[in-house]
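Architecture at a glance
For reference, the chains in residue letters:
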Amino acid sequence: MENKVIYGLYGDDDHVLAATKKIVSKGYRVNEVYSPYPVHGLDTAMGLNYSRLAITSFMYGLLGFGLITLLMWFIMISDWPMIIGGKPNFSYGQALPAFIPVTFEATVFCAAHLMVITFLFRCGLFPGSSSRNPDPRTTDDKFLMEVSESDPKKITEIKKIMKECGAEEVNVKNSVKELMDEIDGELSKKNKVSKRRKVKKSNSSFLTNIINKIKRK
Amino acid sequence: MYRSPVREPLITGNKDLHDITVDIARPIETSANKWWWSLFIVSAIAMLWGFGCIAYTIGTGVGVWGLNNTIGWAWDITNFVWWVGIGHAGTLISAVLLLFRQNWRLSINRTSEAMTIFAVMQAGLFPLIHMGRLWVGFWVFPLPNQYGPLWVNFNSPLLWDVFAISTYFSVSLVFWYMGLIPDFAMIRDRAIKPITKKIYSFLSFGWSGRAKHWQRHEVMSLVLAGLCTPLVLSVHSIVSMDFATSVIPGWHTTIFPPYFVAGAIFGGFAMCQTLLLIARKVVNLEDYITMTHIEYMNIIILVTGSIVGCAYITELFIAWYSGVEFEQYAFLNRATGPYWWAYWAMMTCNVISPQLMWFKKLRRNILFTFIIALFVHIGMWFERFVIIVTSLHRDFLPSSWSMFSPTFVDLGIFIGTIGFFLVLFLIYARTFPVIAQAELKTIVKTKSSKYNKNKNGE
C-alpha cells in the first residue's frame, strides 16, 4: 500500500490541540503541525522531546568563562604583567576583582551567540534557505496538521477525527511536494488572473471608448 | 459604589488573527505617506550634516571640538552615555517584561528593541571618533600585534566598556533578529512581487513554523531574556564605572551603578514613548499601542524618575556627610556655580516633571505624555552634562579652572546622530514588521476586544 499524507487545516489553536490529542490517543503519530505562533501544550501532545537548548547555553557560558579567564591570565599575569595605579598583577587571584566585569560579559557573549547558532543549525535555518511551510496561510491565521498513514481504513478514521475536531479543510496527498505544488499552482493562477483582469479591464475600457466614439459618429 | 476594576483589552478595534497580519504587513506593502517623507528628508539632512562634521573632526583633529586642557571630556561622552542609556529601555521591555510575563510588552517590544540597536549604534560612534584616528579603532580589542607583547589593559573600566557595549549590541541584535524570523516569514508568504518575495525569503532564513522549531524558539527566547536582563544592568553599571573608578570629586561615587541604570531606563522609556507616539500615528497602530500601553510606560517613567530623584538627593547628602572638602565643593559648585542653570534644568526635567504622572488624567493624555517625554530627554542629557563638565571644569588647581563652550562641530555631530537615529528608525518602520505579530497573536483570544467582552465596563 502506498503511504499517504493527510493534511488538516484548522482556524483555531484549541481545535488543532484537541485534534492532536485525539489522534495521538488513537495510536497515530502526528508528524508535524505548522502554526503562526507557538501553541502551548502542542509539543507534549505531539510527544516531542524536551528541548536541550538551555543546557547547551549553560555549557557555552562555561566555555566563554574558561576562555576569557585563560586570555586575561595570559595577557595580564603571564605575558606582560604591568603595575597600573599601584595595583600589581602578581597572581590572577589577587587581581581578580578587576577581571569580573569582562568575565561576565564574555560568558554572556558565548552563551547567547553560540546558543543561537546551535538553534539555527538544529532547525536548519540559514539566510537564503529555500525551505518554507507547505501552506502559506500557516504564517497568517491557519494551523496545518500532517499525519502519514497507508491503510485506507485508518485514513478515513483520521479524516473523520480531523473533521470532528473542527478542521476547515482535509486533504490526502501522496507527499508534501504534491501539496506544495498544488498550492503554488493555485497561487500563481490567482496572481495571473488578477493581472489578466486588470489588463482586460483596461482593454475593454479602451475598446468601449472606441466603440462609443464610432457610435457617436 | 465600589466597582471592581476591569483590565482593558490590549488590542482594540475587534482584531482577529488575520486582521493583525494585514495591519502589520500594510506599511511594508504600501508606499510611504507625506509625513514619512518629510520626516525622512529632515532627518537625512541632519544625518549628512553630522557626517560632514565627523569627517571634519577626523580630517583636522579633535581640536575642532570645544575641549580644552581642563575639560578633556564633554559632549562626546555626554552623548555617548545618553545614547547608551536610551538603548536600555528596549532590552528592559523585551527581556525583563518577558521574564515577568507582562503581556503588554508584545505590541511594543519589537520597536523598542529596534530603538536599542539604533541608539547603541549612535553611542558607539562617539568613542570611535574621539579616538581621532578611526582606522585604529580595532586596537581596543585584545589582538596580537607587531609591537611585541603589548596588550590592552583589563584593569581599565574603559576596556570593560568595550566588552560590555559590544556584547550588549551583538546580543540585542541577535535577540531582535530571532524574534523577527517568524514575522519575516509572514511577509514572505504574503509577498506577490518576486523581488519582495526573494528579499523576505532571504531574511526569514527559511522559517516554516514547525512545532519543534517553535518549541526551541521559545526556549531560546526565554534563555536570551534571562541573559539579557543581567547584561543590561551590567552595561550601564560598567558605563558608570568609567567615572566611578576615577578619583575626581563628583565622579568617585559608589551610588553610580544603580543610579545610572535607573536613569538609563528612565530616559529610554521616554524615547520609547516619543517614537511610539509618532509611529502609532504615522503607520496607524492605534489599535495595538493603546492608551493602556502609554499609561503603563508612564508609570515606569514615574517610578524610575523617582529613583533618579532619590539618587540626586542621596548624592548631595553623602557629599556633605563625607566631610571631604573637595567633594562638598564639587556639589555646591554644581548647584550654585557657573553651571547652575544646567543643574536646575536637570532637576526640573528629571525630578519634578515626571511627578505629574501621579495624576491619572495627565498620564492618560497623549499630548502631555509627549511633552513630558521631551522634557525627560532634555533632563537626561543635562544629567550627563552636569556630571561630566561641572566635575571637571573646576579641578584641584584653581589657576586651571575653565569653562566649556561647544563649537558648531560638537553641535553638528550631536544633531547628526539624532538624524541618523531617525533615518534608521524610519527605514525600519517601513520595511520591518513593527510589531512582533507572531507573539502578539498568542494573546489575541484573551486580550483582543473582539473576544474580550469585558471592555468599557460592559
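Just so we're clear, the structure is a prediction, and the values are computed from it rather than from any experiment.

**Some remarks on the interface of chain A and chain B**
- Counting from both sides, the interface comprises 57 residues of chain A and, opposite them, 49 residues of chain B.
- For the side of chain A that touches chain B, the secondary structure elements donating two or more residues are strand 2 (30-34), helix 2 (42-46), helix 3 (53-79) and helix 4 (96-123) of chain A.
- In terms of residues, the side of chain A that touches chain B owes the most to one element, helix 4 of chain A, which gives 18 residues.
- Residue composition of the side of chain A that touches chain B, by class: 36 nonpolar, twelve polar and nine charged.

**A word on unusual backbone geometry**
Residues and elements named next belong to chain B.
- The residue Arg101 is not glycine, and still its phi comes out positive at about 55°.
- Checked against the element boundaries, Arg101 lands in the loop between helix 3 (75-99) and helix 4 (109-130).
- C-beta crowding within 10 Å serves as the criterion here: with 7 such atoms nearby, Arg101 is assigned to the exposed category.
- A positive phi angle, near 55°, is found at Asn284, a position not held by glycine.
- Checked against the element boundaries, Asn284 lands in the loop between helix 8 (256-282) and helix 9 (291-322).

**Brief notes about the pairing of strand 1 (residues 4-10) of chain A**
Residue and element names in this part refer to chain A.
- In terms of residue burial, strand 1 counts as a mostly covered element, since five of its seven residues are buried.
- Across five bridges, the pairing between strand 1 and strand 4 (residues 169-173) is antiparallel. Residue pairing in the sheet places Leu9 in a bridge with Glu169 of strand 4.

**Details of helix 3 of chain B**
All names here are of chain B.
- In a regular helix each residue adds 1.5 Å, so 25 residues correspond to 36 Å; helix 3 covers 36 Å between its end C-alpha atoms and thus fits that length.
- For helix 3, the principal kink sits at Leu92 and spans about 35°.
- Where burial is concerned, most of helix 3 is hidden: 23 out of the 25 residues are buried.
- Phi turns positive one or two residues past the end of helix 3, at Arg101, with a value near 55°.

**Notes on the domain arrangement of chain A**
Residues and elements named next belong to chain A.
- One can read the domain layout of chain A as domain 1 (1-174) and domain 2 (176-217).
- Among the secondary structure elements, those contributing two or more residues to the side of domain 1 that touches domain 2 are strand 1 and strand 4.
- Residues belonging to the side of domain 1 that touches domain 2 are distributed by class as follows: three nonpolar, two polar and two charged.

**A short note on the confidence of the model for chain B**
- Averaged over every residue, the pLDDT of chain B is 89; the share at 70 or more is 98%.
- For this predicted complex, the interface confidence comes out at an ipTM of 0.90, alongside a pTM of 0.89.

**Looking at the environment of Ser391 of chain B**
- Within the fold, Ser391 of chain B resides in helix 13 (residues 366-393).
- Sequence-distant contacts of Ser391 of chain B, defined by excluding residues within four places in its chain, comprise Ile248, Pro249, Gly250, Trp251 and Ala330 of chain B.

**As for the sheet that holds strand 1 of chain A**
Residue and element names in this part refer to chain A.
- Overall, antiparallel pairing links the four strands, which are arranged 2-3-1-4 in an open sheet. If you trace the sheet from one side to the other, it starts and ends with strand 2 and strand 4, each paired once. Direction aside, neighbouring strands of the sheet carry axes that sit 20° apart on average.
- Here strand 2 runs beside strand 3 (residues 143-149); their pairing, made up of four bridges, is antiparallel. Of the residues in strand 3, the one forming a bridge with Val33 is Met145.

**Considering the packing of helix 3 of chain B against helix 14 (residues 408-431) of chain B**
Residues and elements named next belong to chain B.
- Two numbers describe how helix 3 lies on helix 14: the axes approach to 10 Å, and their chain directions differ by 15°. In terms of orientation, helix 3 and helix 14 fall into the roughly parallel class. Helix 14 is crossed by helix 3, and the crossing has right-handed handedness. Across from Trp75, Asn79 and Trp83 in helix 3, the residues of helix 14 making contact are Asp410, Phe414 and Thr417.
- When its residues are assigned to classes, the contact of helix 3 with helix 14 shows three nonpolar, two polar and one charged.

**Overview of the packing of helix 5 (residues 157-190) of chain B against helix 7 (residues 211-244) of chain B**
All names here are of chain B.
- One can describe the packing of helix 5 onto helix 7 by two numbers: an axis separation of 9 Å at closest approach and a directional angle of 150°. Here helix 5 lies roughly antiparallel to helix 7, going by the angle between them. For the pair helix 5 and helix 7, the sense of crossing is left-handed. On helix 7, the residues touching Pro157, Leu158, Trp160, Asp161, Ala164, Ile165, Thr167, Tyr168, Val171, Phe175, Met178 and Gly179 of helix 5 are Met220, Ser221, Leu224, Leu227, Cys228, Leu231, Ser234, Val235, Ile238, Val239, Met241 and Asp242.
- Classifying every residue of the contact of helix 5 with helix 7 gives 18 nonpolar, four polar and two charged.

Here is what the cut-offs are and how they apply
- Residues numbered from 1 in each chain as written.
- Chains lettered and ligands numbered in written order.
- Predicted model: local features only at pLDDT ≥ 70, side-chain atom pairs only at ≥ 80, totals over all residues.
- Contact = placed C-beta atoms within 7 Å.
- Helix = DSSP H or I, 4+ residues; strand = E, 2+ residues; numbered from the N terminus.
- Nonpolar A, V, L, I, M, F, W, Y, C, P; charged D, E, K, R; others polar.
- Buried ≥ 20, exposed ≤ 12 C-beta atoms within 10 Å, placed from the backbone.
- Pairing = 2+ DSSP bridges.
- Expected span 1.5 Å × (residues − 1).
- Bend = angle between axes of the 7 residues up to and from the residue.
- Domains from an automatic or database assignment.
- pLDDT = per-residue confidence, 0-100.
- Axes fitted to C-alpha atoms, helices over the stretch in contact; angles between N-to-C directions.
- Parallel < 35°, antiparallel > 145°, perpendicular 65-115°, else oblique.
- Left-handed = near helix turned anticlockwise from the far one by under 90°.

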